[in-house]
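The primary structure of each chain is shown beneath.
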Amino acid sequence: MENKLKEYVAIVWKKNSSEPGVHEVLYAQSYEEVEAFLEEKYGKEIIVSLTDVEAADRPRATPSGSPPQC
């Protein structure tokens with residue numbers, strides 16, 4: 001069975017740099033695959049904020065477990 005590609009969004013910063021982060025949109029089968037690609041592209045001295053689009057779109061509960069009421 002072939003794994004489906006997911007869309008991932010990453011912001012990559014180089015450690016000890018004042019340069020702004022770089023925004024990347026990638027398609028891969030796993031977080032590990034994305035992290036390996038980013039390390040290969042930018043080097044090992046990076047900080048990455050990474051999420052997959054499906055996870056970002058899922059609703060999250062408040063600490064009490066119920067969504068906030070307006």
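In short, a report on the structure.

Reading the values: the criteria
Residues numbered from 1 in each chain as written. Predicted model: local features only at pLDDT ≥ 70, side-chain atom pairs only at ≥ 80, totals over all residues. Heavy atoms only, no water. Phe/Tyr/Trp six-rings, centres within 6.5 Å; stacked < 30°, edge-to-face > 60°. Helix = DSSP H or I, 4+ residues; strand = E, 2+ residues; numbered from the N terminus. Buried < 20%, exposed > 50% of the residue type's maximum accessible area, 1.4 Å probe, protein only. Polar contact = N/O pair within 3.5 Å; in protein donor to acceptor, adjacent residues only side chain to side chain. Contact = heavy atoms within 4.5 Å. Core = buried A, V, L, I, M, F, W, Y, C linked by side-chain atoms within 4.5 Å.

**Some words on the packing of aromatic side chains**
- According to the stated counting rule, one finds 1 aromatic pair in the structure shown.
- Taking the centre distance of 5.2 Å and the plane angle of 70° together, the rings of Y8 and Y31 count as edge-to-face. Of this pair, Y8 sits in strand 1 (residues 6-14) while Y31 sits in helix 1 (residues 31-42), and the two are 23 residues apart along the sequence.
- A residue is classified by how much of its surface remains accessible, and Y8, at 1% relative accessible area, is buried.
- When its relative accessible area of 32% is taken as the criterion, Y31 is described as partly exposed.

**Topic: the environment of K14**
- Positionally, K14 belongs in strand 1.
- Placed 33 residues apart in sequence, K14 and I47 show a C-alpha to C-alpha distance of 6.3 Å.

**Details of the side chain of D52**
- Within the secondary structure, D52 is located in strand 3 (residues 46-52).
- In terms of polar contacts, D52 uses its side chain to reach the side chain of Y31, at 2.9 Å.
- When sequence neighbours within four positions are dropped, the list of residues in contact with D52 reads K6, E7, Y8 and Y31.

**Details of the nonpolar core**
- Judged by nonpolar contacts, Y8, A10, V12, L26, A28, V34, L38, Y42, I46 and L50 together constitute the single largest core of 10 residues.
- Those elements that provide at least two residues to this core are strand 1, strand 2 (22-28), helix 1 and strand 3.

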